Amino acid sequence: MHIFDEETQRISDEIGAYVDLRLRMDPVALDQPRTFAELSEMAGQTITADGLGGSAALKLFTDILAPACISTDHPRYLAFIPTAPTELSSLFDLVVGASGIYGGSWLEGAGAVYAENQALAWIAALAGFPATSGGVFMQGGTVGNLSALVTARESARAKFGNEYRWVLLVSENAHSSIASAARVMDVDIVQCAIDQSGRLLGSSVLDAVNSLSGKQKAFAVVATSGSTNLGIIDDLASIADAAEAAELWFHVDGAYGAAALAAPSARPLFNGIERADSFIVDPHKWFFAPFDACALLYRNPHLGKRAHTQEAGYLKSLQEPDAWNPSDFGIQLSRRPRGLPFWYSLASHGTKKYVDAVERTLEVARDAARLVGECPVTEVVYPPALSIVAFRRIGWGPEQYKKWSDQLLADQIGFVTPSTHQGETILRFAIVNPRTTPEDISTILATLA
Ligand SMILES: *Cc1c(COP(=O)(O)O)cnc(C)c1O
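All figures in this text were calculated on a predicted structure; none of them were measured in a lab. (Residues numbered from 1 in each chain as written. Predicted model: local features only at pLDDT ≥ 70, side-chain atom pairs only at ≥ 80, totals over all residues. Heavy atoms only, no water.)

Our focus in this paragraph is the side chain of Ser405. Among the structural elements, Ser405 can be located in helix 14 (residues 398-410). Residue class for Ser405 comes out buried when judged on its relative accessible area of 5%. When sequence neighbours within four positions are dropped, the list of residues in contact with Ser405 reads Val416, Thr417 and Pro418. (Helix = DSSP H or I, 4+ residues; strand = E, 2+ residues; numbered from the N terminus. Buried < 20%, exposed > 50% of the residue type's maximum accessible area, 1.4 Å probe, protein only. Contact = heavy atoms within 4.5 Å.)

And the structure:
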């Protein structure tokens, strides 16, 4: 269906103009959701027998649908984990979409896979992984974690047989996607004790191993670097010792925080990650790429391959002995080469800009913690280990937090949602956008008075 007629040319120009406009906005419009009833009223039925035409459908998107989505790249979007894609990575996402590349195999996507692998190699080197390590860009951290843990269990089965009830060792600060992976895999989860500062230590991993009953056998420990709520980084070095002693697969979930491997000021916090069997980091979180991409890295990629390669007669032609097929390393077959927008931006800007940008966000997080401390009605709950600042509005309960958060969005000032910590409702600023300034933080704090 390649009909590039005059109308297509016009729509191409219109899409180009919109992309241009969106990428030039500084700041972007924050925007906010609408109810289903409102959208039904405003957008109506969009799928019709004769079609709306490209221009009208685009206008529907730019005027009604897009403004009903919160801009996660707004500098005062500090809820959950925001995004902050570079202009070049967003633009290159269009190129990827227009290029018809199948990213699942070397045979079909060699050039794309070559480029993606260089981007992965940069991340692997930051973690001190050997040159023989490797992996794949997956859809997100949830799928990346699951794929790594499936590999971990497959490796344990190969080593120890399959007589056991498999157990995954985690801390209570582990991301919800780990519990989800355990459900999908039908393995048990055992929570290891954390220390006063919320970190998992190797000693409590060993305690948990020793507490298992006859049929249970631990196959992996998941450390988090850093946790999504507070940015806490587990003690990776002592966990690596414990994993070695108990013959566990050591997986590090760095979906949010491992981008700080690039920042010299934070790098020591990750010592021990070089001994992991696998780790993940999401470029769509703190590595300035658009949704969605998770880098999954294995110390020994052949173990990933053994766990994940799909077999079928029609796929045999892909299995050349030295072909690097991204689909071999996770739960997927067809794949968009979703690491390419990240690769293009990294290749264009150079790695130093990435180092500077991550350092900048760490600095703003420290400034934010100071501003929270200076503000008479707020106090820091957990000093920022990375770029998340958890704090309380003194004297407030859950309902006041919610009302304030709703109003902040309604007034189009910012997006900050309540969280909880040890049973208490709190607020958190998650800062991954180098455009977020201390003035942005002050603007938000001023509304808490
Ligand atoms: C965000 C996050 C995940 C999940 O990643 P998705 O890309 O949202 O699937 C997993 N672990 C941690 C620590 C995270 O912050």
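More follows now that the structure is in view.
All right, on to the domain arrangement of the chain then. One can read the domain layout of the chain as domain 1 (1-30 + 33-67), domain 2 (100-348) and domain 3 (351-446). Computed over C-alpha atoms only, the centres of domain 2 and domain 3 are separated by 29 Å. With 28 residues of domain 2 at the contact, the number on the domain 3 side is 23 residues. Interface of domain 2 and domain 3: buried area, both sides summed, is about 2000 Å²; carbon and sulfur atoms make up 66% of it. It is Leu230, Trp286 and Phe288 in domain 2 that bury the most area against domain 3; as a group they hold 33% of the surface buried on that side. Counting the contacts that link domain 2 with domain 3 gives zero salt bridges. One can count ten residue pairs in polar contact (both at pLDDT 80 or more) joining domain 2 with domain 3. (Domains from an automatic or database assignment. Buried area = accessible area lost by both parts, 1.4 Å probe. Salt bridge = Lys/Arg side-chain N within 4 Å of Asp/Glu carboxyl O. Polar contact = N/O pair within 3.5 Å; in protein donor to acceptor, adjacent residues only side chain to side chain.)

In regular strands, side chains alternate between the two faces of the sheet. Sheet topology note: the strand 8 (residues 378-382)/strand 9 (residues 388-393) ladder contains four bridges and is antiparallel. Residue pairing for strand 9: Tyr382 is matched across the bridge by Ala390. Where strand 8 folds back on strand 9, the antiparallel hairpin that results is connected by five residues. (Pairing = 2+ DSSP bridges.)

What follows concerns unusual backbone geometry. A cis amide bond, omega 0°, links Asp26 with the succeeding residue Pro27. Tracing the sequence through the fold places Pro27 in the loop between helix 1 (6-24) and helix 2 (36-43). Following Phe291, the chain continues into Asp292 via a peptide bond in cis, with omega recorded as -10°. Residue placement: Asp292 occurs in the loop between helix 10 (283-286) and strand 7 (294-298). You will see that Phe288, though not glycine, has its phi angle at about 60°, which is positive. Residues other than glycine seldom take positive phi values, yet Gln412 does so here, at roughly 60°. Here Gln412 is to be found in the loop between helix 14 and strand 10 (418-421). Residue classification places Gln412 among the partly exposed positions, given a relative accessible area of 29%.

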